[in-house]
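Here's the letter readout for the chains.
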Amino acid sequence: MLLLVWAPKAWHRLFPLKPRALLWFRGDKVLHVGYRRLSGQAPGEQSRQRQPQGPRFRTRLLITALFGAGLGGAWLAARAEKEQRQQQRRTEALRQAAVGQGDFNLLDHRGQARCKADFRGQWVLLYFGFTHCPDICPDELEKLVRVVEQLEAEPGLPPVQPVFITVDPERDTAAAMARYVQDFHPRLLGLTGSAEQVAQVTRSYRVYYSAGPKDEDQDYIVDHSIAIYLLSPDGLFTDYYGRAKSAQQIADSVRHHMAPFRSVLH
C-alpha cells in the first residue's frame, strides 16, 4: 500500500525558499522523496521578466507587419491580374461569336430614323422586349435604368445610353413606345420598325421571339430571350447579362469594360 504525504514545512530549515516535498511510503519505509522549489519572486516581477520589452521587440513587430502587408499586396495584385485576364478572354470569345454584326434601320419613339452608326462613340445598354409584357420586361428595364443611374452618379465615367428595341412591331408603334419609355428614364430610347426590320436586328443579336395565340380580346404574349446587351463606343457587342445578374453586378462589369477600352476604329 502506497501512502502519499504532502509535507510543505518539512524542509524549511534546509531550503529557505520553502520547497514542497512529496513522500511515498510503503508500510513504514520511505520509497522516494520528491520536491520542487517555489520561486521567491513576486508574481509581478515574474510577469515583467517574461514580457519582451525594448526597441528590438518593436522592430520585430514592425518587420512582421511589413512582411504581412507585402504578402497581402502581392495577393491582391495577382488576383486583379487574374480577373483582368479572365475578362479579356471572355471579351475575345464574345467578339468571335459575331453577335450584333451589321447595321440596322429602325424608328425611335419620336419618329426619327435610327441606325447603328448613330450610337457610335457611346456605351449602350440594349434590351429587347415589348410594351405589353406583364412583368419581366418592366423588371429588366428598371434594372437597366438603375445601372445607368448608378454610373451617371460617378464622376469621370462616360455616359451610357439605354435603348429598348421591341419584338412586337404589330402593336409597338412609335407612339406606343413613347408612352412606355417615359415611365423609366428620360434618356431611354425606344426603337421600333416593320416586322422585317425587327426580324433583321433580332437575328443580328441572336434574340429569340415568338408571338403566342391571341385571346378573345386579341391580346397575346410574346415569348422572347431575356438579356441586356452591352455595346462599346465602337458599336461592338462587348458583353451580355442574364436575368440573374443584379444591377450592381452589371454596373461593376460595365466599369471593368470601360477602364481598359481603346477604340479600334481610329
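Just so you know, these numbers come straight off a predicted model, no measurement behind them.

Novice: Honestly, the sheet that holds strand S6 (residues 123-129) in this entry has me stumped. Any pointers?
Specialist: Strand pairing in a sheet takes place through backbone hydrogen bonds and is either antiparallel or parallel in direction. Pairing in this open sheet of seven strands is mixed, and the strands run S5-S4-S8-S7-S6-S11-S12 from one edge to the other. Of all strands in the sheet, those bounded by a partner on one side alone are strand S5 (113-115) and strand S12 (237-241). Sheet twist, expressed as the mean angle between neighbouring strand axes with direction ignored, is 35°. Contacting strand S4 (105-108), strand S7 (160-166) and strand S8 (189-192), helix H4 (residues 174-181) crosses the sheet at an angle of about 155° to S8.

Novice: What's the story with the confidence of the model for the protein chain in this structure? I'm lost.
Specialist: Keep in mind that low pLDDT regions are not for reading the predicted coordinates in detail. For the protein chain, per-residue confidence averages 81 on the pLDDT scale, and 71% of positions sit at 70 or higher. Note on residues 1-18: pLDDT is under 50 here. Beyond four places in sequence and across chains, it has 31 contacts.

Novice: Explain the pattern of salt bridges here, please?
Specialist: Side chains bearing opposite charge may pair, as long as their charged atoms lie close to each other. Tallying each qualifying case throughout the model produces eight salt bridges. Note that glutamate 152 is salt-bridged to arginine 187, the shortest N-O span being 2.6 Å. Residue glutamate 152 is found in helix H3 (residues 136-152), and its partner arginine 187 is found in the loop between H4 and S8; the two are separated by 35 residues along the sequence. A residue is classified by how much of its surface remains accessible, and glutamate 152, at 40% relative accessible area, is partly exposed. Salt bridges linked by common partners bring Glu154, Asp252 and Arg255 together as one network.

Novice: Looking at this structure, I do not really get the nonpolar core. What am I missing?
Specialist: Considering soluble globular proteins, one finds that nonpolar side chains tend to be buried as a cluster. Within the largest apolar cluster, 49 residues are counted, with the highest numbers of intra-cluster contacts made by Leu125, Leu126, Phe128, Tyr205 and Tyr229. Contributions of two or more residues to this core are made by S6, H3, S7, H4, S8, strand S11 (228-231), S12 and helix H6 (247-258). The biggest single contributor to this core is H3, with eight residues.

Novice: Explanation requested: the pairing of S4 in the structure shown.
Specialist: In the case of a regular strand, side chains alternate between the two sheet surfaces. Taking every second residue as pointing to the same face, the buried face of S4 carries Leu106 and Asp108, while none of Asn105 and Leu107 on the other face is buried. Note that S4 and S5 share three bridges and pair antiparallel. Paired with asparagine 105 across the bridge in S5 is cysteine 115. Between S4 and S5, which pair antiparallel and follow one another directly, the connecting turn spans four residues, one of which, glycine 111, has a positive phi of 90°. The pairing of S4 with S8 spans two bridges and is antiparallel. If you follow leucine 107 over to S8, its bridge partner there is threonine 192.

Novice: So what exactly am I meant to see when it comes to empty space enclosed by the protein here?
Specialist: Rolled over the atoms, a probe as big as a water molecule pinpoints where empty space is left. For the structure on display, the rule yields one cavity of 30 Å³ or more. Grouping the amino acids of the lining of the largest cavity by side-chain chemistry returns seven nonpolar, two polar and two charged.

Novice: In this structure, what is going on with the packing of aromatic side chains? I would like to understand it.
Specialist: Any two aromatic rings considered together are summarised by their centre-to-centre distance and by the angle between their planes. Inspection of every chain in the model, using the stated rule, returns nine aromatic pairs. Plain terms: the ring middles of phenylalanine 104 and phenylalanine 119 are 6.5 Å apart, the flat faces sit at 40° to each other, and that makes the pair tilted. Highlighted residues: phenylalanine 104 in the loop between helix H2 (55-96) and S4 and phenylalanine 119 in the loop between S5 and S6, separated in sequence by 15 residues. In this structure, phenylalanine 104 and phenylalanine 119 share a single accessibility class: buried. Summarising the aromatic geometry, the rings of tryptophan 123 and phenylalanine 261 are spaced 5.3 Å apart at their centres and angled 70° between planes, so their arrangement reads as edge-to-face. Of the two residues, tryptophan 123 is situated in strand S6 and phenylalanine 261 in the segment after H6; the sequence distance between them amounts to 138 residues. Its relative accessible area of 4% is what places tryptophan 123 among the buried residues. Among the aromatic residues, those joined into a ring-pair cluster are Tyr127, Phe164, Tyr180 and Phe184. Here the basic side chain of arginine 171 rests over the ring of tyrosine 220, its NZ or CZ set 3.6 Å away from the ring centre.

Novice: Explain unusual backbone geometry here, please?
Specialist: For residues besides glycine, phi is generally negative; the peptide bonds are generally trans as well. One non-glycine residue with positive phi stands out, namely arginine 206, at about 55°. Examined against the element boundaries, arginine 206 turns out to sit in the loop between helix H5 (195-204) and strand S9 (209-211). A positive phi angle is found at glutamine 218, which is not glycine, with a value near 65°. Counting through the fold element by element, glutamine 218 comes out in the loop between S9 and strand S10 (222-224).

Conventions we followed
- Residues numbered from 1 in each chain as written.
- Predicted model: local features only at pLDDT ≥ 70, side-chain atom pairs only at ≥ 80, totals over all residues.
- Heavy atoms only, no water.
- Pairing = 2+ DSSP bridges.
- Helix = DSSP H or I, 4+ residues; strand = E, 2+ residues; numbered from the N terminus.
- Axes fitted to C-alpha atoms, helices over the stretch in contact; angles between N-to-C directions.
- Contact = heavy atoms within 4.5 Å.
- pLDDT = per-residue confidence, 0-100.
- Salt bridge = Lys/Arg side-chain N within 4 Å of Asp/Glu carboxyl O.
- Buried < 20%, exposed > 50% of the residue type's maximum accessible area, 1.4 Å probe, protein only.
- Core = buried A, V, L, I, M, F, W, Y, C linked by side-chain atoms within 4.5 Å.
- 1 Å grid on protein atoms, 1.4 Å probe; cavity = no way out; pocket = protein on both sides within 12 Å on 5 of 7 lines; lining within 4 Å.
- Points joined across faces, edges and corners; volume = space filled by probe spheres on them.
- Nonpolar A, V, L, I, M, F, W, Y, C, P; charged D, E, K, R; others polar.
- Phe/Tyr/Trp six-rings, centres within 6.5 Å; stacked < 30°, edge-to-face > 60°.
- Lys NZ or Arg CZ within 6 Å of the ring centre and 35° of its normal.

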